[in-house]
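Coordinate analysis (summary)
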Amino acid sequence: MKKLITLALFLCLPASIFAEAKDLKIVTLNGTVSEIVFALGKGKLVVGNDTSSLYPPEALALPKVGYQRMLSAEGILSLKPNLILGLEYAGPPEVIEQLKSAGLKVIIYPGLPGVEPALNNILAIGKEIGAEKEAQKLVQDIRKKHSKIAEKVSKLKSKPKVLFVYHRGTGLAQVSGTETPADEMIRLGGGINAVSGFTGFKPITPEAVIAAQPDIILIPSRGLESLGGKDGVFALPGVKDTPAGKKSRVVAIDDLVLLGFGPRLGQGIEELFESFHPKTTDKK
């Protein structure tokens, strides 16, 4: 009888306990997922990740398995992981199926932008890798920062029109419409997306930029660097003829802080609010 009770208790233990006992070897297929695992204190379990894993430095130094949308099953399998974690962008689909067919545990989480989806992913990953307490603490911290800024946003009498610009290398710059991570972050930071006539991204055109009349140009730090700094931003079609161009208002924030919806989400919301509303911040 005692043996049966012991067995029952054993079977009721959380799956994460068994995962720890198996000495997990994790491959992460997304920069946000990588950052979550490291933020929860489990970075030493990661044996490789994709090229979007830029933070922390320890994640950047790990073996790469390609870009999250163009993965190679062979590269991942060569690292001999026993757990694969990614977001819904991971692919192509046949590679994900190959990994599952090889007997690996592959978990793909939703990639929806938003505070609650981000917190749900943190909690789910924490449970999977045996860091539930750490995940709960991180979620509480993000909620606290978000609530603080949300209260300030609710008291604003006006909000700036913000144009998000995405640029990489020599590729054509694009602007963000609605239903994007940038659109959601602009809202959370107390701004209004200057472009609302379409969803997703479209190439930048002088007519569209001038019509948008943005007060602020928002750009990821790496994008600003690829343009050669603020002068490169103002050289983009139509930008210099907008209120943002005339007042030289460009806000640049670390790519993963701005768009990752991960462990530094609270920090990103705070940075945006302070950048969008410097006078309000100065009074506090």
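In what follows, the accompanying structure is described. Here the structure is a predicted model, which means the values were calculated and not measured.

What follows deals with the packing of helix α9 (residues 181-188) against helix α15 (residues 265-276). At a closest axis distance of 8 Å, the pairing of α9 and α15 adopts a crossing angle of 65 degrees. α15 is crossed by α9, and the crossing has right-handed handedness. For the pair α9 and α15, the contacting residues are Met 185, Ile 186 and Leu 188 in the first and Leu 265, Gly 268, Ile 269, Leu 272 and Phe 276 in the second. Looking at the contact of α9 with α15 residue by residue, the classes come out as 7 nonpolar, 1 polar and no charged.

On to the layout of surface pockets. Estimated volume of the largest pocket: approximately 880 Å³. Tyr 67, Gln 68, Tyr 89, Pro 181 and Leu 259 are, among the 34 residues lining the largest pocket, the residues nearest its centre. Elements supplying a minimum of two residues to the lining of the largest pocket: α3 (31-39), α7 (115-128), α9 and α14 (255-259). The greatest single-element share of the lining of the largest pocket, amounting to 4 residues, is contributed by α3. A breakdown of the residues in the lining of the largest pocket according to their chemical character gives 18 nonpolar, 11 polar and 5 charged.

The next thing to look at is the packing of aromatic side chains. Applying the stated rule across the entire model yields 2 aromatic pairs. Each ring, one from Phe 164 and one from Phe 201, has its centre 6.1 Å from the other, and the planes form 65 degrees; the classification is edge-to-face. Of the two residues, Phe 164 sits in strand β5 (residues 161-166) while Phe 201 sits in strand β8 (residues 201-203), which places them 37 residues apart along the sequence. A relative accessible area of 34% means that Phe 201 is categorised as partly exposed. In textbook terms, an aromatic cluster arises when at least three aromatic residues are bridged by ring pairs, as seen for Phe 164, Tyr 166 and Phe 201. For the cation-ring pair, Arg 264 lies above Tyr 55, with the distance from its terminal atom to the ring centre recorded as 3.6 Å.

Here the structure, examined in full by the defined rule, presents 7 salt bridges. One salt bridge connects Glu 35 with Arg 264, and the closest N-O pair in it is separated by 2.6 Å. Note that Glu 35 is positioned in helix α3 and Arg 264 in the loop between α14 and α15, a separation of 229 residues in sequence. What makes Arg 264 buried here is its relative accessible area of 13%. When the shortest N-O distance is used, the salt bridge between Asp 254 and Arg 264 registers 3.4 Å.

The next thing to look at is the sheet that holds strand β4 (residues 105-109). Strand order in this open sheet of 4 strands is β2-β1-β3-β4, and the pairing throughout is parallel. Since the sheet does not close on itself, it has two edges, and those belong to β2 (46-49) and β4, each with one partner. Between one strand axis and the next, the sheet turns through 20 degrees on average, direction left out of account. Bridging between strand β1 (residues 26-28) and β2 involves 3 bridges; their strand directions are parallel. Bridge assignment links Thr 28 to a residue of β2, and that residue is Asn 49.

Within the largest apolar cluster, 48 residues are counted, with the highest numbers of intra-cluster contacts made by Leu 85, Ile 129 and Leu 218. Top contributing element to this core by residue count: helix α8 (residues 132-154), with 6 residues. A domain-level breakdown of this core finds at least three residues from each of domain 1 (26-111) and domain 2 (158-276). Beyond its immediate stretch of four places on either side in the chain, Leu 218 contacts Val 162, Leu 163, Phe 164, Val 165, Ile 186, Val 251, Leu 258, Leu 272 and Phe 276. Membership of the second largest hydrophobic core comes to 20 residues, among which are Ala 173, Phe 198, Ala 212 and Leu 236.

Turning our attention to α3. When you tally the buried positions in α3, you get 8 out of 9 residues, the bulk of the element. Among the residues of α3, those classed as buried are Gly 31, Thr 32, Val 33, Ser 34, Glu 35, Ile 36, Val 37 and Phe 38. Buried-residue contacts for α3 involve β1, β2, α4 (57-60), β3 (83-87), α7 and α14. Measuring from the side-chain oxygen of the N-cap residue of α3 to the backbone nitrogen of Thr 32 gives 2.7 Å; that N-cap residue is Asn 30. The first or second residue beyond α3 is Gly 41, which carries a positive phi of 80 degrees.

Criteria and thresholds
In this numbering scheme, every chain counts its residues from 1 along its sequence in written order. Local features in a predicted model are, by the rule used here, given only for residues with pLDDT of at least 70; side-chain atom pairs are given and counted only at 80 or more, and totals for whole chains, interfaces and linings are based on all residues. Side-chain metrics rest on all non-hydrogen atoms present in the structure, leaving aside hydrogens and water. Fitting a line to C-alpha atoms yields each axis, with helices limited to the stretch in contact; the angle taken between N-to-C directions then spans 0 to 180 degrees. Helix and strand definitions follow DSSP, with helices as H or I runs of at least four residues and strands as E runs of at least two, each counted in order from the N terminus. Crossing handedness is read from the near helix: turned anticlockwise from the far helix by less than a right angle, it gives a left-handed crossing, and turned clockwise, a right-handed one. Contacts were defined at the residue level, with two residues in contact if any of their heavy atoms lie within 4.5 Å. Residues were grouped as follows: Ala, Val, Leu, Ile, Met, Phe, Trp, Tyr, Cys and Pro as nonpolar; Asp, Glu, Lys and Arg as charged; and all remaining residues, including Gly, as polar. Buried and open spaces are told apart on a 1 Å grid over the protein atoms alone, a cavity being a set of points where a 1.4 Å probe fits but cannot get out and a pocket being an open set with protein on both sides within 12 Å along at least five of seven lines. Residues with an atom within 4 Å of a point are the lining residues. Grid points are joined across faces, edges and corners, and a volume is the space filled by probe spheres set on the points. Any two rings among Phe, Tyr and Trp, with Trp reduced to its six-membered ring, count as a pair given centres within 6.5 Å; such a pair is stacked if its planes are under 30 degrees apart, edge-to-face if over 60, and tilted if neither. To sort residues, take the accessible area from a 1.4 Å probe on protein chains only and compare it with the maximum for the residue type: under 20% means buried, over 50% means exposed, and anything in between is partly exposed. Comment: the charge-over-ring label is applied if NZ (Lys) or CZ (Arg) is within 6 Å of the ring centre and within 35 degrees of the ring normal. Any carboxyl oxygen of Asp or Glu within 4 Å of a side-chain nitrogen of Lys or Arg constitutes a salt bridge here. Here, strands pair whenever DSSP counts at least two bridges between them. Only buried residues count toward a nonpolar core. Its members are Ala, Val, Leu, Ile, Met, Phe, Trp, Tyr and Cys residues joined through side-chain atoms within 4.5 Å. Domain extents, as shown, originate in an automatic or database domain assignment. For the purposes of these results, a polar contact is taken to be a pair of N or O atoms within 3.5 Å, where, inside protein, one atom must be able to donate a hydrogen and its partner to accept one; residues adjacent in sequence count only when each atom of the pair is a side-chain atom.

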